[in-house]
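Here's the letter readout for the chains.
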Amino acid sequence: MEKQYYIIELQLDNQIKYLIWVLDEVDGLVTDPATEGLRLLTFSEKDDLLGFAQKNGLIIEEDEPAKYDFDIIENWLKNQTGFTDCKEFLNAWNLFTDVVTTLGIEFEGNKKEKVRNRIYDKLFFGNNIPAITPEGQEYTPQWTKIEITRLAEILNEGLTILRKSLW
């Protein structure tokens, strides 16, 4: 499999950043070669990202970025309720996994355990993907207090890792 490169647009702390996501045998993100330690390569403007990609021979597969709104998650963490935006939360969790894989660090969201697995499954099925969800039906997860607490821990850790890797 040849590496493929995609644009990611992150909103975090009311700021927009652009990154390059790499689809490969192990997915990850492009790191900044100019920084000490591993930091993700970020751009304030999409055009700057495209210029970098062209200069470095990276072919961007799609010009329209995948969007991640981490401010939604941040707001939920401040007022945890049973309502979750399954799509945003699952996308964030999966991106956190790609970030920690890129950086070579541990992440509680990757540790297989009963409660963690149940939460991930609820987020996955809560996306109501047409190929999985029977026609005319919709799955809305019901959350226990333990699941909400664990989900908050995982998302909070992911946001902490993401912030450290961006700024």
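Refer to the preceding data block for the structure.
Residues numbered from 1 in each chain as written. Predicted model: local features only at pLDDT ≥ 70, side-chain atom pairs only at ≥ 80, totals over all residues. Heavy atoms only, no water.

Student: Mind showing me how you'd approach the packing of aromatic side chains here?
Tutor: Between two aromatic rings, the relevant description is the distance of the centres plus the angle of the planes. Applying the stated criterion across every chain yields a total of eight aromatic pairs. Here Phe96 and Phe107 contribute two aromatic rings whose centre-to-centre distance is 6.0 Å and whose plane-to-plane angle is 75 degrees, an arrangement assigned as edge-to-face. Separated by eleven residues along the polypeptide, Phe96 in helix H3 (residues 86-103) and Phe107 in the loop between H3 and helix H4 (114-125) bring together distant segments of the chain. When sorted by exposure, Phe96 lands in the same class as Phe107, which is buried. (Phe/Tyr/Trp six-rings, centres within 6.5 Å; stacked < 30°, edge-to-face > 60°. Helix = DSSP H or I, 4+ residues; strand = E, 2+ residues; numbered from the N terminus. Buried < 20%, exposed > 50% of the residue type's maximum accessible area, 1.4 Å probe, protein only.)

Student: I'm lost on a negative patch on the surface in this one. Help?
Tutor: Together, Glu2, Glu61, Glu62 and Glu64 give the surface a local cluster of negative charge. Summarising the element assignment, Glu2 is placed in the segment before strand E1 (4-12). Residue Glu2 is classed as exposed on the basis of its relative accessible area of 69%. (Patch = residues over 30% accessible without salt bridge, like charges linked within 9 Å, V, L, I, M, F, W, Y side chains within 5 Å. Areas by Shrake-Rupley, 256 points an atom, 1.4 Å probe, with all protein chains shown as cover. Salt bridge = Lys/Arg side-chain N within 4 Å of Asp/Glu carboxyl O. Lys, Arg positive; Asp, Glu negative; His and termini not counted. Charge placed at Lys NZ, Arg CZ, Asp CG, Glu CD.)

Student: Whenever I open this one, the packing of helix H2 (residues 70-78) against H3 confuses me. Can you help?
Tutor: Where H2 meets H3, the closest approach of the two axes is 10 Å, and the angle between their N-to-C directions is 105 degrees. Classified by the interaxial angle, the pair formed by H2 and H3 is roughly perpendicular. Along its contact with H2, which presents Phe70, Ile72, Ile73 and Trp76, the element H3 presents Glu88, Phe89, Ala92, Leu95 and Phe96. Residues that form the contact of H2 with H3 fall into these classes: eight nonpolar, no polar and one charged. (Axes fitted to C-alpha atoms, helices over the stretch in contact; angles between N-to-C directions. Parallel < 35°, antiparallel > 145°, perpendicular 65-115°, else oblique. Contact = heavy atoms within 4.5 Å. Nonpolar A, V, L, I, M, F, W, Y, C, P; charged D, E, K, R; others polar.)

Student: Is there a simple way to think about the pairing of strand E2 (residues 15-23) in this case?
Tutor: Sheet faces and side chains relate simply in a regular strand, where the side chains alternate between the two faces. Bridging between E1 and E2 involves nine bridges; their strand directions are antiparallel. When the sheet's bridge partners are listed, Leu12 is paired in E2 with Gln15. Counting the residues that bridge the hairpin from E1 to E2 gives two residues, and of these Asp13 lies at a positive phi of roughly 55 degrees. Here two bridges tie E2 to strand E3 (residues 28-29), and the two strands are oriented antiparallel to one another. Residue pairing across strands places Trp21 opposite Leu29, the latter belonging to E3. (Pairing = 2+ DSSP bridges.)

Student: Whenever I open this one, the sheet that holds E1 confuses me. Can you help?
Tutor: Adjacent strands of a sheet form backbone hydrogen bonds with each other and so pair up, either parallel or antiparallel. Reading across the sheet, the four strands line up as E3-E2-E1-E4 and stay open at both edges, with mixed pairing between neighbours. Each edge of the open sheet is held by one strand with a lone partner, namely E3 and strand E4 (66-69). In the packing of helix H1 (residues 46-55) onto the sheet, contacts are made with E1 and E2, and the angle to E2 comes to roughly 30 degrees.

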